[in-house]
Amino acid sequence: MPVSDTRLGPLEARVLDALWARGCPSSVRDLQPAFTGIAYTTLMTTLDRLHRKGVLAREKQGRAFVYAPHDSRGRFQAARAGGSLVPLLADREGAGALLSFLVDAVGDHDQALLDELERLIHEKRKEEQP
């Protein structure tokens, strides 16, 4: 299943955040202190589920598995956002409204980000020219 299609439950999102915060491959035992009140087996099942969804890499170290996100937080979020936008862009009228909203929201939030968006548009147009 592509990451863009992946839906995360609240505990899965917390586990992924904890792995990004640690910044290194981690076992269930490594993560457990950050999940007081969550059973070891529940945490183990959640990590396994994220692995099966393709979000985490898993490697055997001794008798335990260690897990690490396949992507950085930014790349993961970009892939998920992109997957959500593709169906919206299929409708030309809806796509225009979406792009207008995006430009307004980015401009209201951060002028430098709006400049970056413009740079990316110019870069993409250069790629497409013969």
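As a reminder, the structure under discussion sits directly above these lines.
Please read these numbers as outputs of a predicted model, since none were measured by experiment.

## Digging into the layout of surface pockets
By volume, the largest pocket amounts to about 270 Å³. In terms of lining, the largest pocket is formed by Leu85, Leu89, Leu98, Leu99, Leu102, Val106, Leu113, Glu116, Leu117 and Leu120. Among the elements of the structure, helix 4 (73-89), helix 5 (92-109) and helix 6 (111-128) are those that each provide at least two residues to the lining of the largest pocket. A per-class count over the lining of the largest pocket returns nine nonpolar, no polar and one charged.

## Things to note about helix 1 (residues 10-22)
Relative to the 18 Å expected for 13 residues at 1.5 Å per residue, helix 1 spans 19 Å between its end C-alpha atoms, a close match to the ideal helical length. Along helix 1, the positions that sit buried rather than exposed are Leu11, Glu12, Val15, Leu16, Ala18, Leu19 and Trp20. In this fold, the buried residues of helix 1 make contact with helix 2 (28-31), helix 3 (40-52), strand 1 (56-61), strand 2 (64-69) and helix 4. The first or second residue beyond helix 1 is Gly23, which carries a positive phi of 75 degrees.

## Brief notes about the packing of aromatic side chains
Taken as a whole and judged by the stated rule, the model has two aromatic pairs. Centroid distance Phe65 to Tyr67: 6.4 Å. Interplanar angle 55 degrees. Geometry classified as tilted. For Phe65, a relative accessible area of 33% corresponds to the partly exposed category. Accessibility expressed as a relative area gives 3% for Tyr67, which makes it buried. The ring of Phe65 is capped by Arg58, whose NZ or CZ atom sits 4.2 Å from the centre of that ring. One cation-aromatic arrangement involves Lys60 over Phe65; the distance from NZ or CZ to the ring centre is 4.8 Å.

What counts, and at which threshold
- Residues numbered from 1 in each chain as written.
- Predicted model: local features only at pLDDT ≥ 70, side-chain atom pairs only at ≥ 80, totals over all residues.
- Heavy atoms only, no water.
- 1 Å grid on protein atoms, 1.4 Å probe; cavity = no way out; pocket = protein on both sides within 12 Å on 5 of 7 lines; lining within 4 Å.
- Points joined across faces, edges and corners; volume = space filled by probe spheres on them.
- Helix = DSSP H or I, 4+ residues; strand = E, 2+ residues; numbered from the N terminus.
- Nonpolar A, V, L, I, M, F, W, Y, C, P; charged D, E, K, R; others polar.
- Expected span 1.5 Å × (residues − 1).
- Buried < 20%, exposed > 50% of the residue type's maximum accessible area, 1.4 Å probe, protein only.
- Contact = heavy atoms within 4.5 Å.
- Phe/Tyr/Trp six-rings, centres within 6.5 Å; stacked < 30°, edge-to-face > 60°.
- Lys NZ or Arg CZ within 6 Å of the ring centre and 35° of its normal.

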